[in-house]
Amino acid sequence: MSALALGLGATGLSAQIPDFSVQTIDVNQAVQNGATTLVGEKTAIVRATVRLTNDPGTPVFVDGLMRVFVDGEEVDDSPVYTDNGPYQVLVSINEGELDQTMNFTFIPPTSNNVTLSVEVNPAGPNQVPEQTAANNITIKGPLTFIALGRPDMAYAPVDYRLGGGSSPNPPDTALIEPGVGDNFIQGVYPVPDWDYRRIDAPTKLWTSSLNGGGSALNNSLTADLNLMVPKPQYIYGWIPGSLPYNGQSIINGVASMGNTQPIRHQRTFAHEVGHCTGLFHHNGSTGLWGVDVEHHLAITQVLPKIKPPTAKDIMVAGLLSHQAWVYLPNYTGWMSHPKFQPGINAASAGSDEGETLFVAGIWNAVTGQVQMTDMLTLPSGRLSDTAGDGSEIIVRAFAQGQIVRELAVATVSSSDCSDASDSDESSPLVGFNVNLPVRSAAGVPIDQVVIVQGNGRALSSLMLERSANAPRVAFVSPAAAQLDGDVLRVAWEGSDADGDELTYYLRYSRDGVQFSPIHTSTQDTSFTVNMKQLPALVDGQGFFELFATDGLNTTVVRSELLINAPSFAGGGGNPPWAHILTPDAGATLLEGATVILHGMAWDLEDKGLHGARVAWSSDLDGALGTGRRTSRNDLSAGDHVVTLTVTDSDGMVSTDTAAVTIVARDLPDAGTKICQLDLGFGGPGNSTLSMCGGDLSSGTSADLLLTGAAPNASAWLVLSLSAAPMPFKGGTLVPIPVLAAQPHTTSVAGDVLLAGIPGGNGPMSFVLQFAIQDGAQPHGLDFSNAIQADFLP
Ligand SMILES: [Zn+2]
């Protein structure tokens, strides 16, 4: 019996010998209060606190092992080794010190039945003497990891040329590319990943001043998003260098913008996106220890992984990146946000709603003046929802005097997010934009749009009416449909019989299906395009498209279908983009610790790349796996160059690399998994018994696991040294004569897990079977199969 410890096999006690047990297990994906919902596929850190009793007075170091079970079966990546073991066990710990807990990093599955088994001081070279191993394993679960989507976030590098001119002024690519610009949103939003990628065009030209605010730019970015096919969920404009404020957004809008000062730009991005999800400013701190699990914010500001409870939420105005993390109401609130639901990305491509009238402006909440910034008919916009009561701006659309649509626009004061670095002062300029129907239900075109004061501050009404004549516009360049070089000047002439000022929106289609805005919200009549920077032309299917608008009249013209001249060799596709998000170059990990491999792969022609098109390798260890996010815990000790290789559908290849050092250490014995002999005889009922792990020789251990039983039910583990099956209470009892019947209770998932049963003291065999109380069975008992456990010396 002593071999089959089952929690009974204590060795002799000694006052000098310490004892270790796992006290708490905290699963953290950004913040955690003990009950915070967990998200599948989002990298998690499990922090276990170890209780030290009989403190010997000298430093003690122990290692650990975590096993991950889904529906009672250990997953392929299990066991997980510690990030930091052997680590020094302290009698009292400071949660703010990452290495005062025993830590495990893993990518959790999406499941409502995940069990974590954390073992302290497991067998192996680093095992230290302790009083008893019987209390070394603690179970956490069953845990639920919910599914969330992967929102598509396009970013526009804004070529900010105040007053025009010919000198390009884009932001520093290195500050905004995937793996840098998106580090805060990857860290604090609960979604497991973002499709954070550049717009199709290399930059967005902007020549008017942004000093007083970014509302006009946000309105133009919103028009851009509506001119795209397929459409992302959100668009963000990055401004070169600093501004008098951090950034600006429209609450519940799709567009926002911010500056690229490294001390603040990543947090500003996360903040402005927060406004787009409907959040307002507040002044709360997180109040919890947070963890930047993939350590995204090591770049650019070398910020620590641990975030103190004094960190402010990202929605506190005017912060620098080091001051911010995320507080729970926002973190968990996003889990039910419609734009973060599973499948949202796939759905967005087909969500165009036909023609809409896009109306965008800026309201000065102090003077009451309203000024329009953008107004055009979009071929495939997304109709706006009304914001409801309390809105300060009302937009009404009429057709021949009949009201067709009234929209309340969400623009309470804090929607104008003028995040001065040292104050929470709001600019009086409030941007707004809506997508209205273009005609009434009876088919009568909208001929009047009126903007009036809603519930709040003064607003001088503005009436916009359809003029008699639509703009006339025609392309004048390119003159020929044949392209024989990369650089192309696109030019047009426009006129309006009513004398209205015309505004133009130029977009490009590579194939008549995908559309990319390239110069918009402009009075310019030409734009120079480098075709090599846009999705590659499909011969005879692509074209430029120009929208000329006087307000309520929009005229659309297309260029001829473009073809590459036979002599022009430059017409092929573009190579994909490959970015390693994790690990960072220069990262150092201990041997066996989970190496998260998280990358971004995008292609101008194919869009998002996944699966086998995204491959990971090491110059020391060869192929490591595929997909945007995967992990390994078996990289050999030494200096690795980890390479992400992305291949598009044309076979074009791009790579990114990160040099990573794996530091040698001795690992606990994980053992090859061996399952003990299944003797059968299960039923009635659906329960299954297994015992898998080590070979039950001395120093190994195995887990006895019952699954598929009734939840929260009494269960008896019946033991014998022999098998003599005989009918019993509607089933077959196998362990006879019965040596013992240990009482247990099944979990809510109907499981019993006795983890880490030590081997040794054999040879000796036990026959084991569970009988579980189950009202659904004829005699009220469910019988599991029986197994024979063979203990070795
Ligand atoms: Zn704000």
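In this text the structure is predicted, and so the values were computed from the model without any measurement.

1. Overview of the nonpolar core
Membership of the largest hydrophobic core comes to 41 residues, with the highest contact counts inside it found for Leu 210, Trp 492, Leu 506 and Phe 544. Sorting elements by how many residues they give to this core places strand β12 (residues 152–160) first, with 4 residues. With 38 residues, the next largest nonpolar core counts Tyr 196, Ala 311, Val 316 and Val 326 among its residues.

2. Comments concerning the packing of aromatic side chains
Under the defined criterion, the tally for this structure stands at 15 aromatic pairs. Ring plane angle 75 degrees and centroid distance 4.8 Å describe the contact between Tyr 236 and Trp 238, whose orientation is recorded as edge-to-face. By relative accessible area, which is 0% here, Tyr 236 ends up buried. For Trp 238, a relative accessible area of 0% puts it in the buried group.

3. As for the pairing of strand β27 (residues 448–453)
Of all the 6 residues making up β27, 5 are buried; the element is thus mostly covered by neighbouring parts of the structure. Of the pairings in the sheet, the one linking strand β24 (residues 393–399) to β27 comprises 6 bridges and is antiparallel in character. Following the sheet pairing, Val 395 is matched in β27 by Ile 451. Here β27 runs beside strand β28 (residues 462–465); their pairing, made up of 4 bridges, is antiparallel.

4. Observations concerning the sheet that holds strand β49 (residues 688–693)
The strand order β47-β49-β50-β55 describes an open sheet built from 4 strands, whose pairing is antiparallel. Each edge of the open sheet is held by one strand with a lone partner, namely β47 (674–675) and β55 (752–758). Where strand β50 (residues 701–707) and β55 come together, 5 bridges link them in antiparallel fashion. Counted as the bridge partner of Leu 705 is Leu 753 from β55.

5. Some points on a nonpolar patch on the surface
A cluster of nonpolar side chains, contributed by Leu 721, Leu 739 and Met 764, occupies part of the molecular surface with about 270 Å² of accessible area. Position of Leu 739 among the secondary structure elements: in the loop between β53 (731–735) and β54 (740–745). Relative accessible area serves as the criterion here: at 47%, Leu 739 is assigned to the partly exposed category.

6. Re the pattern of salt bridges
Throughout the structure, instances matching the rule amount to 17 salt bridges. Between Arg 67 and Glu 74 there is a salt bridge, and its shortest N-O distance comes to 2.9 Å. We note that Arg 67, like Glu 74, is buried. For Arg 558, the salt bridge identified is with Glu 545, shortest N-O distance 2.8 Å. You can see Arg 558 sitting in strand β36 (residues 554–558) and its partner Glu 545 sitting in strand β35 (residues 543–549), a full 13 residues away along the chain. Residues joined by salt bridges that share partners form a network here, namely Arg 67, Glu 74 and Asp 703.

7. Things to note about helix α4 (residues 265–276)
Taking 1.5 Å per residue as the helical rise, α4 with its 12 residues ought to reach 16 Å, and the 17 Å between its terminal C-alpha atoms agrees with that figure. Of all 12 residues in α4, 12 are buried, a share of seventy percent or more. Taken as a whole, α4 has its buried residues at His 265, Gln 266, Arg 267, Thr 268, Phe 269, Ala 270, His 271, Glu 272, Val 273, Gly 274, His 275 and Cys 276. A positive phi of about 105 degrees marks Gly 278, the residue just after α4.

8. Section: the domain arrangement of the protein chain
Partitioning the protein chain into structural domains gives domain 1 (356–465), domain 2 (472–537 + 546–561), domain 3 (577–663) and domain 4 (671–793). Computed from C-alpha coordinates alone, the two centres of domain 2 and domain 3 are separated by 40 Å.

So, how was this worked out
Residues numbered from 1 in each chain as written. Predicted model: local features only at pLDDT ≥ 70, side-chain atom pairs only at ≥ 80, totals over all residues. Heavy atoms only, no water. Core = buried A, V, L, I, M, F, W, Y, C linked by side-chain atoms within 4.5 Å. Buried < 20%, exposed > 50% of the residue type's maximum accessible area, 1.4 Å probe, protein only. Helix = DSSP H or I, 4+ residues; strand = E, 2+ residues; numbered from the N terminus. Phe/Tyr/Trp six-rings, centres within 6.5 Å; stacked < 30°, edge-to-face > 60°. Pairing = 2+ DSSP bridges. Patch = residues over 30% accessible without salt bridge, like charges linked within 9 Å, V, L, I, M, F, W, Y side chains within 5 Å. Areas by Shrake-Rupley, 256 points an atom, 1.4 Å probe, with all protein chains shown as cover. Salt bridge = Lys/Arg side-chain N within 4 Å of Asp/Glu carboxyl O. Expected span 1.5 Å × (residues − 1). Domains from an automatic or database assignment.

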